[in-house]
Each structure stands twice: as structure tokens, then as C-alpha cells.
Amino acid sequence: MPSVDAQPGKFTFDPNTTALLVIDMQRDFLMPGGFGESLGNDVSQLRRTIKPLAALMTAWRANGLPIIHTREGHKPDLSDCPPAKLNRGAPSQRIGDPGAFGRILIQGEYGHDIIDELQPIGDEVVIDKPGKGAFYATDLSEILEKSGVTSLIVTGVTTEVCVHTTVREANDRGYECLVLADCVGSYFPEFQQVGLKMIAAQGGIFGWVAESPAVISAIQE
């Protein structure tokens, strides 16, 4: 089986039981002028992940391996957005408010969808999630179980929020997770560094951390 040099040690996986998880690579978060930037964030910190992630997805698809995409967002009537989440942020910059790319984080709006460079193709699964973690209030567990997936290659944004939450959820459910440092991003460089260290600490308490070229090489051998 393929092995990847990682922290805290080699990550070995069976491609037949491994899925690539691409978390929340959405226009609202990554595009200049969008919601993320309107909050004062430097979107270039997230956009640096696009090129390596696109290369990884191309190689993953060439080997016929499954990709699962997620999008964080809510129903237009906000019935799935609890007040504790809805009431955060500055007035006029909250979920459901008008933004540069439509209502902020609302399903069906232009900003809610995945950026053009990383659009799903074919029968790739897209999970719409109302929370930070990809398992909460979604059918991700059922999809993985039905497909026989036991390992996840985790990518996307942001490292310290939706990526971390999903990896923790996956770990609790028995999945082995490899997080790719060059394919996950945070608006805050210090959060990026600490977030990755937290995953691999204590012998890999939540998972492993590596770089995408190592995974590409492993699946092409």
C-alpha cells in the first residue's frame, strides 16, 4: 500500500478505501471582494491552496479515486441556522445578509458555491453542511460507510475551524486522516501553524500532516 512521509510518522493508506475530502472552497471565503475579505481578512492566505489542490485533484481523478466536496451554508429561510451562529458578526455582515456575491452563505447563491478552479465534476459528492464540521447534520457518515471508506485525505479551509472540526469528528468516528499542509489554509498564519501542529501532536492525536506532492507521488507509483 502507498505510504507518505508525514508528521508524526509515515501515513499508509489503501487507495480503494480512501477519499479526498475538499472542505468549503467557496467563493464567499476565497474570492477577492467576497464575504471573507469584507471582514478584513487576507484572502491570499486561502488562495495559495488553489494551485496545489487543483494538481492533487487532477491526479486523484486520473486514478479514479473518490472526491467529496463540502459547502458551508444555510437554507434561504435560515431555519437551519441557530441564533448563536446567526447573531455573530457585525450588522450587515451576518449570514443571510446581502453580500458581493449574493446573500452571505446561503444555499443557491453565487458566493455559496465552490470556486471555478475546483468545481466538482461527474458524480463527485457535494455535502451541504450547516455547521463547521462535515459530519454534523449531514449524510457524510452514511456515504463513507456505504463506499467502504476508512481513510480521508483532508484539504480545504479554514484550517483552525472547519478543517479542524471535521478532522476531530472523523477521528472520533474511527477514520484515519491525513491533512495536507499546502492544501489547507487560514486567514491567520499563526493559526495555520498551530492548527497543523495540534493535529500531529502527541503521536498524531487527531491525524497526520504532510504535503500534497508526497500524496501525488504515492498514488502514481
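Everything here concerns the structure above.
These figures come from a predicted structure and were not determined experimentally. (Residues numbered from 1 in each chain as written. Predicted model: local features only at pLDDT ≥ 70, side-chain atom pairs only at ≥ 80, totals over all residues. Heavy atoms only, no water.)

**So, the packing of helix H4 (residues 50–62) against helix H9 (residues 212–220)**
Stage number 1. Orientation of H4 relative to H9, taken along the N-to-C sense of each, is 10°, at an axis distance of 10 Å. Regarding the angle of H4 to H9, the classification is roughly parallel. Counting all contacts with H4, which are made through Pro52, Ala55, Leu56, Ala59 and Trp60, the residues of H9 involved are Ser212, Val215, Ile216, Ile219 and Gln220.
Stage number 2. Its residues assigned to classes, the contact of H4 with H9 comprises eight nonpolar, two polar and no charged. (Axes fitted to C-alpha atoms, helices over the stretch in contact; angles between N-to-C directions. Helix = DSSP H or I, 4+ residues; strand = E, 2+ residues; numbered from the N terminus. Parallel < 35°, antiparallel > 145°, perpendicular 65-115°, else oblique. Contact = heavy atoms within 4.5 Å. Nonpolar A, V, L, I, M, F, W, Y, C, P; charged D, E, K, R; others polar.)

**A few points about the packing of aromatic side chains**
Stage number 1. Summed over the entire model, instances satisfying the criterion amount to five aromatic pairs.
Stage number 2. Look at Phe188 and Phe191: their rings are 4.8 Å apart centre to centre, the planes differ by 55°, and that puts the pair in the tilted class.
Stage number 3. Judged by relative accessible area, which is 37%, Phe191 ranks as partly exposed.
Stage number 4. Note that Arg27 overlies the ring of Tyr110, its terminal NZ or CZ placed 3.8 Å from the centroid. (Phe/Tyr/Trp six-rings, centres within 6.5 Å; stacked < 30°, edge-to-face > 60°. Buried < 20%, exposed > 50% of the residue type's maximum accessible area, 1.4 Å probe, protein only. Lys NZ or Arg CZ within 6 Å of the ring centre and 35° of its normal.)

**As for the pattern of salt bridges**
Stage number 1. Following the criterion strictly, the structure yields nine salt bridges and no others.
Stage number 2. Two residues, Asp116 and Arg27, come together in a salt bridge whose shortest N-O distance is 2.6 Å. You can see Asp116 sitting in the loop between strand E6 (102–103) and strand E7 (125–129) and its partner Arg27 sitting in helix H1 (residues 27–30), a full 89 residues away along the chain. (Salt bridge = Lys/Arg side-chain N within 4 Å of Asp/Glu carboxyl O.)

**What to know about the pairing of strand E3 (residues 18–23)**
Stage number 1. A large share of E3 lies buried, amounting to six of its six residues.
Stage number 2. What you see with E3 is no split at all: Thr18, Leu20 and Val22 on one side and Ala19, Leu21 and Ile23 on the other are buried throughout.
Stage number 3. The pairing of E3 with strand E4 (residues 67–72) spans four bridges and is classified as parallel. Each residue of the ladder has a partner; that of Ile23, found in E4, is Thr70. (Pairing = 2+ DSSP bridges.)

**Some points on helix H7 (residues 159–172)**
Stage number 1. Helix length check: H7 (14 residues) gives 18 Å between terminal C-alpha atoms against 20 Å at 1.5 Å per residue, within 8%.
Stage number 2. For H7, the complete set of buried residues consists of Thr159, Cys162, Val163, His164, Thr166, Val167, Glu169 and Ala170.
Stage number 3. For H7, the secondary structure elements touched by its buried residues are E3, E4, E7, strand E8 (151–157), strand E9 (176–185) and helix H8 (189–204).
Stage number 4. Phi turns positive one or two residues past the end of H7, at Gly174, with a value near 95°. (Expected span 1.5 Å × (residues − 1).)

**Focus on the pairing of E8**
Stage number 1. For E8, the buried fraction is high: seven of the seven residues fall into the buried class.
Stage number 2. Judged by which residues are buried, E8 turns out to be covered on both faces: Ser151, Ile153, Thr155 and Val157 on one side and Leu152, Val154 and Gly156 on the other are all buried.
Stage number 3. Strand direction decides the pairing type here: E3 and E8, joined by six bridges, are parallel. Bridge pairing links Ile23 to Gly156 in E8.
Stage number 4. In this sheet, E9 lies alongside E8 in parallel orientation, the contact comprising six bridges. In the strand pairing of E9, Val154 is matched with Val179.
Stage number 5. Note on the crossover from E8 through H7 to E9: the handedness is right-handed. (Right-handed = clockwise from strand over helix to strand, strands pointing away.)

**Here's the deal with the layout of surface pockets**
Stage number 1. Its volume calculated, the largest pocket comes out at about 540 Å³.
Stage number 2. The wall of the largest pocket is formed by 22 residues, among which Phe29, Phe35, Leu39, Leu105 and Lys132 lie closest to the centre.
Stage number 3. Elements with a contribution of two residues or more to the lining of the largest pocket: helix H2 (35–38), helix H5 (83–86) and H7.
Stage number 4. With three residues, H7 is the single largest residue contributor to the lining of the largest pocket.
Stage number 5. When its residues are assigned to classes, the lining of the largest pocket shows 11 nonpolar, five polar and six charged.
Stage number 6. By volume, the second largest pocket amounts to about 170 Å³.
Stage number 7. Lining the second largest pocket, in full, are Ala19, Leu65, Pro66, Ile67, Ile68, Asp123, Glu124, Val125, Ile143, Leu144, Ser147 and Val149.
Stage number 8. Sorting the residues of the lining of the second largest pocket by element identifies E4 and helix H6 (140–147) as the ones contributing at least two each.
Stage number 9. Ranked by residues supplied to the lining of the second largest pocket, first place goes to H6 with three residues.
Stage number 10. When its residues are assigned to classes, the lining of the second largest pocket shows nine nonpolar, one polar and two charged. (1 Å grid on protein atoms, 1.4 Å probe; cavity = no way out; pocket = protein on both sides within 12 Å on 5 of 7 lines; lining within 4 Å. Points joined across faces, edges and corners; volume = space filled by probe spheres on them.)

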